[in-house]
Structure formats: structure tokens, C-alpha cells
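# Chains, contacts and geometry: an overview
Next come the chains, spelled out residue by residue.
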Amino acid sequence: MSTDIELYPRDQTDFSHHGYALDDISNDIVTWQLNAKFTLTFDYPMFSEHAGDLVAENIVRVPVPGGKAAFRIAQVIKSMGHLSITAYHVFWDLNDDFIADTNIVDKDGQGALDQIMRAANYPTGFKVLSTIGNVTNARLVRMSIIKALWERMTTRFLTAGVVNSIGRTLVSASTLV
């Protein structure tokens, strides 16, 4: 797996080209819990070519079932001549974005997702997709996009069958970056 791992700068949004190859990686593990963290951990020699570029906020792209996924470096620990890296899927960038106030009225899954993304405090660049046709309502006030999708939407959209589909669809749409 390590020969296909690439490093990109923190502001990278176009992954149609190759990043820096990280050939010296060891102990690389991708862990995914449904509706929870999607995590990459690995070790890298402290004195290898790109060790200085493995800093918080930079992006590492790795093979996962179905393609490649982008992970944002969250933690770098130096120890005994190597770096231990922890990174979270770029989807979790949405946890730092904020919805001040939006009222979703008579929207299906796609309409709700579109309104949530438009209501974000900062443009996200994420593309969202839903095939849920059920229509429902939800008021979202002072919360992150992640919380809006997974916590608040559960109370409003569960009976309409939207919640898990919204979460899965958004994760799936952003996974193969």
C-alpha cells in the first residue's frame, strides 16, 4: 500500500495529478467506522525526503477500497527516529464549518443537502448527492455541518428515511477525491 501514498499541500483541491510519493511509510492503517471517524495512521522515517512536509493540515492521499481517499494530517509525533502520523478524512473539515441559521422546509434529501451546504459559513467545495425522495423539514441553528448531518438530521429526517442516506451519500461523494 505504501508505494501509492501521496502527499499534497494543505490547500490542494485538485487531485487529478500525482503528489509527492511517500515510499518509506510503514505501519499504514486506514480505519473506518460507519458514521464515525475515517482515520489513517502511519509511521515515516524522520530523516527521509518528505519528513519535513508531514505537518498538520497537509493532505495525504491513500488507496482505499473503491479508489483513493484524501486525509488531512491532524497529529505528528516525533519519536525514536520516526514520525507517527494521524490523519482524518477530509470530510471532517466540515466539522470546522458553521451553520448560523437555516430552515429546511419541504425539501427532499438533495434539496436539504444543497441548502445545508449553501448555509455554511465558508464555501466548502464539497459536492453532495442524495437520491432520497422523501420530503420533510428541519431547523438548523448554530451548529457544524457534521452535527447538522448526523445529530440534528436524525431527529427530523429519520422518519422520512433520509438520515443514514444523507450521511453515507456525503461521505461517499467526498471519499474518492
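Look up a bit, the structure's there.
First things first, this report covers the structure right here in the doc. Quick caveat: nothing in here was measured; it's all calculated off a predicted structure.

Right, let's talk about the pattern of salt bridges for a bit. Enumeration according to the criterion identifies five salt bridges in this entry. A salt bridge links R61 to E6, with the nearest nitrogen and oxygen atoms 3.7 Å apart. Taken together, the residues R61 in strand 5 (residues 59–64) and E6 in strand 1 (residues 6–8) connect sequence positions 55 residues apart. Of the two residues examined, R61 and E6, each falls in the buried class. E6 is the partner of K68 in a salt bridge, and the nearest nitrogen-oxygen pair spans 3.5 Å. Taken as a pair, K68 in strand 6 (residues 67–79) and E6 in strand 1 lie far apart in primary sequence, 62 residues in all. Linked through salt bridges whose partners overlap, the residues forming this network are E6, R61 and K68.

In this section: the environment of L94. Relative to the assigned elements, L94 resides in the loop between strand 7 (82–89) and strand 8 (98–107). With a relative accessible area of 1%, L94 lands in the buried category. For the pair L94 and I146, spaced 52 residues apart in sequence, the C-alpha separation works out to 6.0 Å.

Procedures and definitions
- Residues numbered from 1 in each chain as written.
- Predicted model: local features only at pLDDT ≥ 70, side-chain atom pairs only at ≥ 80, totals over all residues.
- Heavy atoms only, no water.
- Salt bridge = Lys/Arg side-chain N within 4 Å of Asp/Glu carboxyl O.
- Helix = DSSP H or I, 4+ residues; strand = E, 2+ residues; numbered from the N terminus.
- Buried < 20%, exposed > 50% of the residue type's maximum accessible area, 1.4 Å probe, protein only.

Keep in mind these numbers describe shape, not what the thing actually does.
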